[in-house]
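# Architecture at a glance
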Amino acid sequence: MKKVPLIMAVLTVAVLALFPLLRPEVYYLSFLFTLFMYVVLSSSWNVIGGYAGYLSFGHAAFFGIGAFATAKMATAFSLSPLLTILSSIPAGLLAALVALIVGYPCLRIRGPYFSVVTICFAFVVDLAVKNIEELGGAEGLWMTFMDLPEETSRAIMYEVMLLLMVVTLATVYLLGRSRFGRGLTAVRTDEEVAETMAIPTAKLKIQAFVVSAFFPGVAGGLFAYYLSYIHPDAVFSINISILIVLMAMFGGGGTWLGPIVGAVILTVVNEGLSTFAQAEIARIIYGALFIIVTIFMPDGIIAYFRRWATAQRKA
Amino acid sequence: MDPVLVIQSLISGVMMGMVYALLGVGFSLTWGVMHVIHISHAVFGLLGAYFAYTLLTLYGVDPVVSAMVSTPLLFIVACAVYQVLIRPLTKAREMVVASMILTFGLAIILENLLVLVWKADPRLLTPSYASESWIIGPFYLQYPHLIGFALSLVGISSLYVFLKKTTTGMAVRAAWQNQEAARLYGVNLFRISMITFALAVSTAGAGGISLALLYSFEPHSHNLWLIYLFLVVIVGGVGNVIGTALAGLIIGVITGLSMAFLPYQWVNLITFGLLMVFLIFRPHGLFGEVG
Amino acid sequence: MGKKKSKHAFLLFFLIGVCLTAGLPASVLGAAKPIVIGGSLPLTGQYAETGQWIERGMRYWAEEVNAKGGLLGRPVEFKIYDDQSEVSKAVTFAEKAITVDKVDLLFGGYPGTAARAVMAVAEKHKYVYVSMGGHMKSFQQGYTYSFGAPPLMGEWWYEGFFQWLATLPANQRPKRAAVYTINNPVGLSLMDSINRWTKKLGIQVVINEKYNAPLADATPLIVKAKQLNCDLLFSNGFFPDGVTTIKAAKALNYNPKAIVQGIGSVIPAWVKELGRDGDYVFSGTSLYNKLNYPGNDKLNAYVKKKYGLDGYPLYFGFGYAWMQTLEQGVRGANSLNQTKIRDWLKTHKVHTIAGPMTFDKNGLPPPINFCTQIIDGKVELIWPKNIRTREPVYPKPAWK
């Protein structure tokens, strides 16, 4: 990163990290927790979906695997709060392992067919969890609360999710600028050409898929603890999978900033609209946002402003 | 295993699968020809269902008649939607992605308009024959299933004939196989795209009405329908009209057989799992993309 | 050039517009410091229909309370968020209501999964939470601030039906049951009373299957039940799967002695959409519009006038009844202190349209259940016997 943007990024993170010291109301911490979570989800999705151009529509599966793994570990071994939070890391590894196993056959499939395989995959995981009582089944799992004042426990979850977001963004940033990232872009541009250039496309894709599954897995673990009761419908919903894709694409797929911008705008607008007097009208406005932005910025917000900036410079 | 149970499950499963195929065929076409993934496709199906519901409850109009009437109406609506919303997207770098985001927004808008007009309450399309059967020996052919099945056959084959036998249809296929060449031969791509889109949406109306004969529906039902659409279209091969119909049959057979042989708890899981395996081994759908 | 500028201007205008409307605070009514009751309901998305009925019930209660001079001398008003039928949004909005809006009281949400998650929030923040709850398991988590008043308790749901069945001479009772259950918290909780009572009454459970929504086809279910001569059918599901099952039962001319439907038949659409085909279906409920407790007539008259319905829908009543409980808690404690309200509720009797009730340490009243049957397109009360509105029709007449 160039100096100025790097300083800005560090400052932003510092301000966010210090925010709980102002003793804000719990809701703001929770809201930002969800916002960070969506940044994590859409940024990690971006590694496989944006950079490599493999649109996974089943990313909620990894999120949910992380959530249920953490919840299961926490309830089975009655883990302390600290260990529960830490257990989201092995949960993320489990999600990554699943991605490795599933990715191997699935990533040979291209284009829309890949998207649909991932949809099927997400359903299979969802239904498997619902059918297996040991995992909580269709009843879901309850977790014990942190034995701390609500302000403190929410602040802890907030800081942990912020940390996860920073780690995710840093990883994605570095990956995007590495040979790995360039290889992925080559895969997106033209996979055949990339292969003839001796780029190990199969390996790159698997690696990208595993990375893009790990962080959502960890996020899922934290989310489970945040909700303290989880049910498959709350984490495996196809709406979450779709939302992740839309956030990344809305901001601009394949760019580092795109998913961040998309996740922030959509989360803020959606939350704000919920206070709107008539719920249906709020949803209609939300829908119109997608239409207007796509018509005027068909390649995402980032691409639009980049083009605009270049035009300004020329003029 | 009891043969009556197996055959009966197969019969209703296949008819159900074909109904999904009718809703899916247009979705397949817009995707294959125009590279538009039309997320609001199933909402237009719902629109057809509500249209038929209103005509039936207010004037006693048979859903089959409504399906006929809704087709040209939706065609006109879809032309307008194309001109206003879809056409501006042709300048997008990735049409597939842009169209998906845009029509996702459109789906939200339409769904909530449906709530405002018809309320969120679930509805049923119940003509006099809604739960009657044609009984042949030990087998029951349910009229709603039969009618949905028939509508599907008529709808899909007329679309097929249109594409194969008419000049416009041939232009559509030409445009889809080679856009550049088609343009050189003076094919107006915008006009062709508009016709394709409108045709697709008008079959959605009939598809929605057929589905409404089988299931209850409410404004958010399109989300569920959409998942099945994706499956039918992908298994059949994107843009492949006959493939879509065959995919409907196959999904019907899988559902029917698994319901006959397996605990119900595992039916949906097996269906999605098998589809996943199918796709891994036949990565371009069972029947390829062109047809 | 100018065209381009105006395009930019329009875009900017639109984005700002969206942000502004999104950030607008809800209009605050003039009256002197109202009591604000906040929370979220699924007003759009999958559970919109139920969520909207709950809202209507609550608003009717508020209208009534305000007309009578309010609560503790202050008018009441709602702060309702739309959680879009998502559990995680229900949680954040509950927190928003509690910590940002600092509402005086919290109201109950829907469905059971959301209620389960919000019960945890209410407990953490020590807010009284009166709702339908999330079935027995959610009331066994040691929460002290949650009340089911009345709850929608799957475990009790068929109690009335079986009590009535037990009064029949043994040779008239069904012998073989087919049980089809939707695989979610509601469905699973319904198994409780079925397991207990079928044993007690010597009814053999021949088929006991779960299915995951969506139920693509009910034909095989019915064929199986018919082949195995099941004369009692439990369709433990929601409206969409319940309707699919009933339609298949008629189409395949399957005539058990009784059909029992889980949750689907309690919503007005069952009678309205299915018509005569929905007749003779049994179901349970913990609240019912023909109950003889004060208030029911008034509510029925109101929905008749406003929505043209005979009898209020279940969730309209729930919304109203939960507010009644909360209201009495506040009046009883004569305070908005949550712990005082909770303690008052745990030690006193409240009177709701679902009848008088007291609460145990888990926040539950003693089991409440009424058995209903749909007869001639009307939901009739058939058990307990002393409040019966009509004689049950049994065995079910053949389809016509």
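Procedures and definitions
Residues numbered from 1 in each chain as written. Chains lettered and ligands numbered in written order. Predicted model: local features only at pLDDT ≥ 70, side-chain atom pairs only at ≥ 80, totals over all residues. Helix = DSSP H or I, 4+ residues; strand = E, 2+ residues; numbered from the N terminus. Rg over C-alpha atoms; globule rule 2.2 N^0.38 Å. Buried ≥ 20, exposed ≤ 12 C-beta atoms within 10 Å, placed from the backbone. Contact = placed C-beta atoms within 7 Å. Nonpolar A, V, L, I, M, F, W, Y, C, P; charged D, E, K, R; others polar. Core = buried A, V, L, I, M, F, W, Y, C linked by C-beta atoms within 7 Å. pLDDT = per-residue confidence, 0-100. Domains from an automatic or database assignment. Pairing = 2+ DSSP bridges. Right-handed = clockwise from strand over helix to strand, strands pointing away. Axes fitted to C-alpha atoms, helices over the stretch in contact; angles between N-to-C directions. Parallel < 35°, antiparallel > 145°, perpendicular 65-115°, else oblique. Left-handed = near helix turned anticlockwise from the far one by under 90°. Expected span 1.5 Å × (residues − 1).

## Comments concerning the overall build of chain B
Counting its secondary structure elements, chain B contains 11 helices and two strands. Mapped in sequence order, the helices and strands of chain B form the string α-α-α-α-β-β-α-α-α-α-α-α-α. Relative to a compact globule of 291 residues, whose C-alpha radius of gyration would be 19 Å, chain B shows 19 Å and is just as compact. The C-alpha extent of chain B, read off along each of the three principal axes, is 60 × 50 × 35 Å.

## Regarding the overall build of chain C
Along chain C, the regular secondary structure elements total 13 helices and 14 strands. For 400 residues, the compact-globule estimate of 2.2 N^0.38 gives 21 Å, and the C-alpha radius of gyration of chain C, at 23 Å, lies within 12% of that figure. If you line up chain C on its principal axes, its C-alpha atoms span 75 × 65 × 40 Å. Taken across its 400 residues, chain C has 59% of its residues classed as buried. Here the contacts in chain C between residues at least 6 apart in sequence split such that 69% fall between residues at least 24 apart.

## Quick word on the interface of chain A and chain B
In this complex, chain A contributes 35 residues to the contact, which on the side of chain B involves 35 residues. Looking at the side of chain A that touches chain B, the elements with two or more residues in it are helix 5 (88-106), helix 6 (111-131), helix 12 (238-251) and helix 14 (279-296) of chain A. With 12 residues, helix 6 of chain A is the largest single contributor of residues to the side of chain A that touches chain B. Partitioning the side of chain A that touches chain B into residue classes produces 26 nonpolar, four polar and five charged.

## Topic: the nonpolar core
Within the largest apolar cluster, 355 residues are counted, with the highest numbers of intra-cluster contacts made by Met161 and Leu222 of chain A together with Leu106 and Val118 of chain C. Considering every element that reaches this core, the biggest residue donor is helix 1 (residues 3-34) of chain B, with 17 residues. Dropping the residues within four chain positions of it, leucine 222 of chain A is found in contact with Ile85, Ser88, Met157, Val160, Met161 and Leu164 of chain A.

## A closer look at the confidence of the model for chain B
Detailed reading of the predicted model is not advised wherever pLDDT is low. Model confidence for chain B is summarised by a mean pLDDT of 90, while 99% of its residues fall at 70 or above. Least confident of the elements in chain B is helix 7 (residues 179-184) of chain B, whose mean pLDDT is 76; most confident is helix 2 (residues 41-59) of chain B, at 96.

## Some details on the domain arrangement of chain C
Residues and elements named next belong to chain C. Partitioning chain C into domains gives domain 1 (35-153 + 294-357) and domain 2 (156-285 + 370-387). Centre-to-centre separation of domain 1 and domain 2, based on C-alpha positions: 29 Å. Contact with domain 1, which involves 11 residues of that partner, is made by 11 residues of domain 2. Elements that contribute at least two residues to the side of domain 1 that touches domain 2 include exactly helix 4 (112-125) and helix 5 (135-138). Tallied by class, the residues present in the side of domain 1 that touches domain 2 amount to five nonpolar, five polar and one charged.

## Looking at the pairing of strand 6 (residues 176-182) of chain C
Residues and elements named next belong to chain C. The element strand 6 is largely enclosed, with a buried count of six among its seven residues. Relative to strand 7 (residues 204-211), strand 6 runs parallel, the two sharing seven bridges. Residue pairing across strands places tyrosine 180 opposite glutamate 209, the latter belonging to strand 7. Where the polypeptide runs from strand 6 across helix 7 (residues 185-201) and back to strand 7, its parallel neighbour, the crossover connection is right-handed. Inspection of the sheet shows strand 6 paired to strand 8 (residues 232-236) by five bridges, in the parallel sense.

## Remarks on the interface of chain B and chain C
Listed by partner, the interface residues are 35 residues for chain B and 32 residues for chain C. Of all elements in the fold, only helix 1, helix 4 (95-118), strand 2 (139-142), helix 10 (241-261) and helix 11 (267-281) of chain B reach the threshold of two or more residues within the side of chain B that touches chain C.

## Describing the packing of helix 2 of chain B against helix 9 (residues 221-236) of chain B
Residue and element names in this part refer to chain B. One can describe the packing of helix 2 onto helix 9 by two numbers: an axis separation of 8 Å at closest approach and a directional angle of 125°. In terms of orientation, helix 2 and helix 9 fall into the oblique class. Both helix 2 and helix 9 take part in a crossing whose hand is right-handed. On the side of helix 2, the interface is formed by His41, Ala42, Val43, Gly45 and Leu46, while helix 9 contributes Ser221, His222, Trp225, Leu226 and Leu229.

## As for the packing of helix 12 (residues 314-333) of chain C against helix 13 (residues 338-347) of chain C
All names here are of chain C. Following both chains from N to C, one finds helix 12 and helix 13 inclined at 105°, their axes separated by 8 Å at the closest point. Our classification of the angle between helix 12 and helix 13 gives roughly perpendicular. Every residue of helix 13 that contacts helix 12 at Gly329, Val330, Gly332 and Ala333 is listed here: Lys340, Ile341, Trp344 and Leu345.

## Structural notes on the confidence of the model for chain C
All names here are of chain C. Of all residues in chain C, 92% attain a pLDDT of 70 or more, and the chain-wide mean is 90. Confidence, read as mean pLDDT per element, is least for helix 1 (residues 2-23) in chain C (55) and greatest for strand 6 (97). Here residues 23-31 is a poorly scored stretch, pLDDT under 50, and it has seven contacts once near neighbours within four places are set aside; other chains count. Across the predicted assembly, pTM comes out at 0.91 and ipTM at 0.91.

## Details of unusual backbone geometry
Each neighbour pair has its own omega, and for alanine 213 of chain C with proline 214 of chain C the value is 0°, a cis peptide bond. Summarising the element assignment, proline 214 of chain C is placed in the loop between strand 7 and helix 8 (219-227). In the segment running from tyrosine 394 of chain C into proline 395 of chain C, the intervening peptide bond is cis, with an omega of -10°. You can see proline 395 of chain C is positioned in the segment after strand 14 (378-383). At serine 228 of chain A, a position not held by glycine, the phi torsion is positive, near 65°. With respect to the secondary-structure elements, serine 228 of chain A resides in the loop between helix 10 (201-227) and strand 2 (229-230). Overall, the presence of 24 C-beta atoms within 10 Å leaves serine 228 of chain A in the buried class. Positioned with a positive phi, histidine 135 of chain C is a non-glycine residue whose angle comes to about 70°. Along the chain, histidine 135 of chain C turns up in helix 5.

## Here we look at the sheet that holds strand 9 (residues 258-261) of chain C
Residue and element names in this part refer to chain C. Ordered by their spatial adjacency, seven strands build an open sheet running 7-6-8-9-10-13-14, and the pairing between neighbours is mixed. Sheet topology places strand 7 and strand 14 at the edges, where each strand pairs with a single neighbour. Between one strand and the next, the sheet's axes are offset by a mean angle of 25°, whatever the strand orientation.

## Re the environment of methionine 249 of chain A
Residues and elements named next belong to chain A. With respect to the secondary-structure elements, methionine 249 resides in helix 12. Owing to 28 C-beta atoms within 10 Å, methionine 249 belongs among the buried residues under this scheme. Put simply, methionine 249 and threonine 294 are 45 residues apart on the chain and 10.0 Å apart in space, counted from C-alpha to C-alpha.

## Some words on helix 3 (residues 60-76) of chain A
Residues and elements named next belong to chain A. If you check helix 3, its first and last C-alpha atoms are 24 Å apart, about what 17 residues at 1.5 Å a residue would give, namely 24 Å. Among the 17 residues of helix 3, 13 are classified as buried, and the element is accordingly described as predominantly covered. Of the residues one or two after helix 3, serine 78 is the one with positive phi, at around 40°.

## Remarks on the environment of glutamate 159 of chain C
Residues and elements named next belong to chain C. Summarising the element assignment, glutamate 159 is placed in helix 6 (residues 159-166). When the C-alpha positions of glutamate 159 and proline 367 are compared, they lie 8.8 Å apart, and in sequence the two are 208 residues distant. Excluding anything up to four places from it in sequence, glutamate 159 contacts Ser193, Gly284, Pro367 and Asn369.

## A few points about the environment of alanine 149 of chain C
Residues and elements named next belong to chain C. Within the secondary structure layout, alanine 149 lies in the loop between strand 5 (146-148) and helix 6. Expressed as a C-alpha distance, the spacing of alanine 149 and leucine 364, which sit 215 residues apart in the sequence, is 7.2 Å. Setting aside residues no more than four positions away along its own chain, alanine 149 makes contact with Val130, Ala321, Trp322, Thr325, Val350, Thr352, Met357 and Pro365.

## Topic: the pairing of strand 10 (residues 281-285) of chain C
Residue and element names in this part refer to chain C. Burial of strand 10 is extensive: five of the five residues sit out of reach of the surface. Burial along strand 10 is two-sided: the face carrying Val281, Ser283 and Thr285 and the face carrying Phe282 and Gly284 are both buried. Where strand 9 and strand 10 come together, two bridges link them in parallel fashion. Counted as the bridge partner of isoleucine 259 is valine 281 from strand 10. For the crossover from strand 9 across helix 10 (residues 268-274) to strand 10, the handedness is right-handed.

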